[in-house]
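Breakdown of the fold
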Amino acid sequence: MGFSGDWYKETCILANGFIYLNDRKMLKEKMERVPVICNPSTGQQVNLPKVLAKNKDLRSFLGYDPIENQLKVLCMTVARYREQTNSREHQVLTLGKGKPSWRKIACLFPHFPENFGTGICINGILYYIARSNLNTVIACFDVKYEKFRFIQIDDENSKLYWFLTLINYKGKLGAIVYDRSINGQLWVLDDPEKEKWSKHIFHLPDAAFWIMRSIWATDTGEIVWARSRWTHPFYVFYYNLETQSVRRVEIKGIEGKVLMGHYRPEAILTFTNHVENVMLL
């Protein structure tokens, strides 16, 4: 399926077979950011209502509640005052129940999402990397009950780490961490209540952190990534933590699509564990 116009790739998020992104459309002779939900399985694209907020610096996340079989979009504005940055005007939109509309919810914890993170939803909890009082935390949003909580990164050297992305590692929350060396670290949240992490070091075949845009994990625990820059042939890489071995899989067919469109894509995004969903919104 194709998309018209230009869209903000950094806000492209997937949950339960649906993709959320911000498109740019001309509305009333003015270029506006329009939130869009699309389903690659059916080809359906639905424009959502514009977010009405005082601050246009928005962060959006798509979450899925498996109990109610419901998709929700969490959106918040980010306000800057002197040296402090916080999220404000938290809003939620529920999909599939009548005409979609945004409604405000309360968040009692001052924080703001990092620019580079897209978040991940595991068992009805939406996780994203955030900052609170200059500290890195993991924000947790319960999609069903629409409540926030935070997981502290309790590590004396945490300020030396850069949290690249969050992944689903064998059903647990995992964080891929870059420690300014050629090695990477996988932090796995083994005990959410006590906030206990286990840490694993892995070695990539090259120092390609800076050109990786998509990193995830398979059900068997392999770390997977694809480069964000277009290459031919186009490969997806799989890293086995136990054997410390790498295998690569070539994705064929993309080159033909690119040549037919007479352009080369500026960026490639890949998604983990996509499932077919024939539900119409």
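An unreviewed UniProt entry annotates the protein as F-box associated beta-propeller type 3 domain-containing protein originating from Brassica carinata.

Here we take up the overall build of the protein. Helix and strand counts for the protein come out as 1 helix and 21 strands. Each of the 281 residues in the protein was classed as buried or not, and the buried ones make up 46%. When contacts within the protein are restricted to residue pairs at least 6 apart in sequence, those whose partners lie at least 24 apart make up 41%. Accessible area of the protein: about 15800 Å², with a carbon and sulfur share of 50%.

So, on to the pattern of salt bridges. All chains considered together, the criterion is met by 7 salt bridges. A salt bridge links E89 to K104; the shortest N-O distance between them is 3.9 Å. Here E89, found in strand β7 (residues 84–94), pairs with K104, found in strand β8 (residues 102–104); they are 15 residues apart in sequence, far enough to count as distant. Residue E195 is joined to R149 by a salt bridge in which the shortest nitrogen-to-oxygen separation is 3.8 Å. Of the two residues, E195 is situated in the loop between β16 (183–191) and β17 (196–203) and R149 in strand β13 (residues 147–152); the sequence distance between them amounts to 46 residues. Looking at E195, the relative accessible area reads 23%, which means it is partly exposed. Here the salt bridges share partners, and the residues they tie into one network are K72, R103 and E146.

Sheet topology note: the strand β20 (residues 234–240)/strand β21 (residues 245–251) ladder contains 7 bridges and is antiparallel. Bridged to N240 within β21 is S245. Counting the residues that bridge the hairpin from β20 to β21 gives 4 residues, and of these Q244 lies at a positive phi of roughly 50°.

Moving on to unusual backbone geometry. Most of the time, phi is negative for any residue but glycine, and the peptide bond is trans. One non-glycine residue, N123, adopts positive backbone phi at about 50°. Along the chain, N123 falls in the loop between β10 (120–122) and β11 (125–132).

A word on the environment of I153. Considering the arrangement of structural elements, one finds I153 in the loop between β13 and β14 (162–169). Note on I153: relative accessible area 10%, which makes it buried. Along the chain, I153 and V137 lie 16 residues apart, while their C-alpha atoms are 5.8 Å from each other.

Summed over all chains, the structure comprises 6 aromatic pairs. A ring pair is formed by F61 and Y128, whose centres lie 4.4 Å apart and whose planes are at 15°; its orientation type is stacked. Note that F61 is positioned in strand β5 (residues 58–65) and Y128 in strand β11, a separation of 67 residues in sequence. The buried category is assigned to F61, whose relative accessible area is 2%. A relative accessible area of 1% places Y128 in the buried class. Relative to F237, the ring of W225 lies with its centre 5.5 Å away and its plane at 15°, an arrangement referred to as stacked. Note that W225 is positioned in strand β19 (residues 223–227) and F237 in strand β20, a separation of 12 residues in sequence. What makes F237 buried here is its relative accessible area of 17%. Members of the aromatic cluster, connected to one another through ring pairs, are W225, Y235 and F237. A cation over a ring is seen here: K144 above Y145, with NZ or CZ 5.3 Å from the ring centre. Directly above the aromatic system of Y235 lies the positively charged group of R248, at a separation of 4.1 Å from the ring centroid.

A separate point is the confidence of the model for the protein. On average, the protein scores 78 in pLDDT, and the residues at 70 or more come to 74%. Across the protein, the element-wise mean pLDDT spans from 62 in strand β1 (residues 7–15) up to 92 in β8.

Before going further, it helps to examine the pairing of β19. A large share of β19 lies buried, amounting to 4 of its 5 residues. In terms of strand pairing, β19 meets β20 through 4 bridges, oriented antiparallel. Looking across to β20, one finds that I223 is bridged to Y239.

Looking now at the environment of G174. Following the sequence through the fold, G174 ends up in strand β15 (residues 172–178). Considering only alpha carbons, one finds G174 and A217, 43 residues apart in sequence, at a separation of 9.0 Å. Every residue in contact with G174, bar those within four places of it in the chain, is listed here: T165, L166, I167, L186, W187 and V188.

The rules we used
- Residues numbered from 1 in each chain as written.
- Predicted model: local features only at pLDDT ≥ 70, side-chain atom pairs only at ≥ 80, totals over all residues.
- Heavy atoms only, no water.
- Helix = DSSP H or I, 4+ residues; strand = E, 2+ residues; numbered from the N terminus.
- Buried < 20%, exposed > 50% of the residue type's maximum accessible area, 1.4 Å probe, protein only.
- Contact = heavy atoms within 4.5 Å.
- Areas by Shrake-Rupley, 256 points an atom, 1.4 Å probe, with all protein chains shown as cover.
- Salt bridge = Lys/Arg side-chain N within 4 Å of Asp/Glu carboxyl O.
- Pairing = 2+ DSSP bridges.
- Phe/Tyr/Trp six-rings, centres within 6.5 Å; stacked < 30°, edge-to-face > 60°.
- Lys NZ or Arg CZ within 6 Å of the ring centre and 35° of its normal.
- pLDDT = per-residue confidence, 0-100.

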